[in-house]
Amino acid sequence: MLKSAVKWRAAYKPEMISWEEIAHEAETGKIYRADYKDTLGRTVLVLRPGLENTTSGKEQIKYLVYSLEKAIMNLTDDQEKMVWMIDFQGWTMGSTPLKVTRETVSVLQDCYPERLGLAILYNPPRLFESFYKIVKPFLDHETSKKVKFVYSNDKESQKIMAEVFDMDKLDSAFGGRNLATFEYSSYAEQMKEDDKKMQSNDAGSDASSEASFYSGTDSPKHGDGEHGATKKACAT
């Protein structure tokens, strides 16, 4: 899986994706890097599938990859994993087609092995439970263990938020006390600055240096499973 990820990076060149290429995908704030980290110092990536604003699965995945690259780029030296916060406000079955959902799982598990530290599904509707039963078989054991369901009206699940985040910094949409919201123009400027840093870091690199992207990470523990489609995504 690690070899496939390195091969995928050499072919897809995710580090070369620029803000200008995917800016239209970001307009609603459906995916963005939060301006706070969790208590372990892990980068937080916020996903709001209910705010989907485009129809091209290819472009949606491209923006996801761009966001993952920037999230990893902003990890501290002592951290190798990120946190996903998925807000289900406004979500319907039509918000995330199964094909795109499968490709999303593929990208995370097979193209970025061992990068997910925790995934919080916040206030998923009852309808999502049926959807998740369809998706769960595509998750390997290690990934599924990192998925936590959290509900704003459930005190027990809310304890997860208090343990993982500084509530003064956490977005109010997730039960925190931070009233700041996504602001497209300022986020765009932030991403453009990240692009410059990325380009500077990658100057003069070659395909073989992509292996260093995973240097220091835990050895992948994912089983091979039967993810034929997901393996293909990282091998092409």
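Provided above is the structure to which this section pertains.
Source: prediction; values computed, not measured. (Residues numbered from 1 in each chain as written. Predicted model: local features only at pLDDT ≥ 70, side-chain atom pairs only at ≥ 80, totals over all residues. Heavy atoms only, no water.)

Student: Summarise the packing of aromatic side chains; cite the residues concerned and give the values.
Tutor: In total, this model carries 18 aromatic pairs according to the counting rule given. Put simply, the rings of Trp19, Tyr32, Tyr66, Phe182, Tyr184 and Tyr187 pair up and form one aromatic cluster. (Phe/Tyr/Trp six-rings, centres within 6.5 Å; stacked < 30°, edge-to-face > 60°.)

Student: Describe the environment of His24, with residues and values.
Tutor: Examined against the element boundaries, His24 turns out to sit in the loop between α2 (19-22) and β1 (31-37). With 29 residues separating them in the primary sequence, His24 and Asn53 have C-alpha atoms 8.7 Å apart. Once you skip the residues sitting within four places of it in the chain, His24 turns out to touch Asn53, Thr54 and Glu59. (Helix = DSSP H or I, 4+ residues; strand = E, 2+ residues; numbered from the N terminus. Contact = heavy atoms within 4.5 Å.)

Student: Residues and numbers for helix α5 (residues 126-135), please.
Tutor: Among the residues of α5, those classed as buried are Phe128, Phe131, Tyr132 and Val135. Along the long axis of α5, the arc covered by the buried residues comes to 105°, so they all point the same way. In α5, the exposed residues that point more than 90 degrees away from the buried face are Arg126 and Lys133. Buried residues belonging to α5 abut α4 (98-111), β4 (116-122) and β5 (147-150). (Buried < 20%, exposed > 50% of the residue type's maximum accessible area, 1.4 Å probe, protein only. Arc of directions from axis to C-beta.)

Function cannot be inferred from these measures alone, as they are strictly geometric.
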